[in-house]
Amino acid sequence: MKLSGSCQCGSIGFEMESKTPYPYMRCYCSICRKVGGSGGYAINLMAEADSIKIRGADAKGVYNAVVDGKASQAERHFCKSCGSHLWLWDPRWPELIHPHAGAIDTPLPRAPETLHIMLEFKPDWIDVPDGPGHVHFQRYPDLSIEEWHKSHDLYED
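So, a few notes on the structure that sits alongside this text. (Residues numbered from 1 in each chain as written. Predicted model: local features only at pLDDT ≥ 70, side-chain atom pairs only at ≥ 80, totals over all residues. Heavy atoms only, no water.)

## Re the overall build of the protein chain
Counting its regular elements, the protein chain contains 2 helices and 14 strands. If you line up the protein chain on its principal axes, its C-alpha atoms span 45 × 40 × 30 Å. With 157 residues in all, the protein chain has 41% of them scored as buried. Considering only contacts within the protein chain whose residues lie at least 6 apart along the sequence, 57% involve residues at least 24 apart. (Helix = DSSP H or I, 4+ residues; strand = E, 2+ residues; numbered from the N terminus. Buried < 20%, exposed > 50% of the residue type's maximum accessible area, 1.4 Å probe, protein only. Contact = heavy atoms within 4.5 Å.)

Below, the structure written as structure tokens:
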């Protein structure tokens, strides 16, 4: 599925191909919460890094979060004009790119369940839905994004 996205001010537009377009996982870690600044969590998708096409790349900045006192290898790409967070790319998995669902303009399919991850780091003021359709993890989930999509018969070849 082709994903098209942009920043809020329109300085940056991008497209990429994804086989895993369901926004099913909410991350509550401090990096996602503070960098994304939305609802107490961030939702990332997964796409093929070599498929990205960027308009307005000169307006793009990169942030490497500090983890355990040192800069992470993961690059968090954002718009220098409006601050919109766009995607994450990590050289440890160079073939993948993780766009923020909130930056995607393409209508996305609704996930059959929602995984809430990194709950160990969730502040008390955030209410996390419980009950049917909600699965909770204190840290990382059992399945990768690709494995989750395949296990739900949602992987798009």
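## Structural notes on the pairing of strand E10 (residues 75–79)
Alignment of strand E7 (residues 60–63) against E10, held across 4 bridges, turns out to be antiparallel. Within E10, the residue paired with valine 62 across the bridge is histidine 77. As defined by bridge partners, E10 adjoins strand E11 (residues 85–89) across 4 bridges and the pair is classed as antiparallel. Considered in E11, the bridge of histidine 77 is made with tryptophan 87. Between the end of E10 and the start of E11, which pair antiparallel, lie 5 residues, with glycine 83 showing a positive phi angle near 85°. (Pairing = 2+ DSSP bridges.)

## Brief notes about the sheet that holds strand E3 (residues 25–27)
Either a parallel or an antiparallel arrangement is found when strands of a sheet pair, and the pairing is made through backbone hydrogen bonds. With respect to topology, 4 strands assemble into an open sheet ordered E4-E3-E13-E14, the strand pairing being mixed. The sheet is open, and its two borders are formed by strand E4 (42–43) and strand E14 (134–136), each paired with just one other strand.

## Here's the deal with the pairing of E11
Here E11 pairs with strand E12 (residues 96–99) via 2 bridges, running antiparallel. Pairing of leucine 88 across the sheet is with histidine 98, part of E12.

## A short note on the sheet that holds strand E1 (residues 2–6)
Taken together, the 3 strands give an open sheet; going across it, the order is E1-E2-E6, and neighbouring strands pair in antiparallel fashion. In this open sheet, the two strands that pair with only one neighbour each are E1 and strand E6 (53–55). Averaged over neighbouring strand pairs, the angle between their axes works out to 15° when direction is ignored. Strand direction decides the pairing type here: strand E2 (residues 13–17) and E6, joined by 3 bridges, are antiparallel. (Axes fitted to C-alpha atoms, helices over the stretch in contact; angles between N-to-C directions.)

## With respect to the pattern of salt bridges
Summed over all chains, the structure comprises 4 salt bridges. With a closest N to O distance of 2.9 Å, glutamate 120 and arginine 139 form a salt bridge. Residue glutamate 120 is found in the loop between strand E13 (114–117) and E14, and its partner arginine 139 is found in the loop between E14 and helix H2 (145–151); the two are separated by 19 residues along the sequence. The salt bridge partner of lysine 150 is glutamate 146, with a shortest N-O separation of 2.7 Å. Note that lysine 150 and glutamate 146 are positioned in helix H2 at a spacing of 4 residues, about one turn of the helix. Exposure remark for lysine 150: the relative accessible area of 47% places this residue in the partly exposed category. (Salt bridge = Lys/Arg side-chain N within 4 Å of Asp/Glu carboxyl O.)

## Brief notes about the nonpolar core
Tyr24, Met25, Cys27, Cys29, Leu115, Ile117 and Trp148 are the most contacted members of the largest nonpolar core, which totals 19 residues. Looking at this core, the elements that each hand over two or more residues are E3, helix H1 (30–36), E13 and H2. Per element, the largest residue contribution to this core is 3 residues, and it comes from H1. (Core = buried A, V, L, I, M, F, W, Y, C linked by side-chain atoms within 4.5 Å.)

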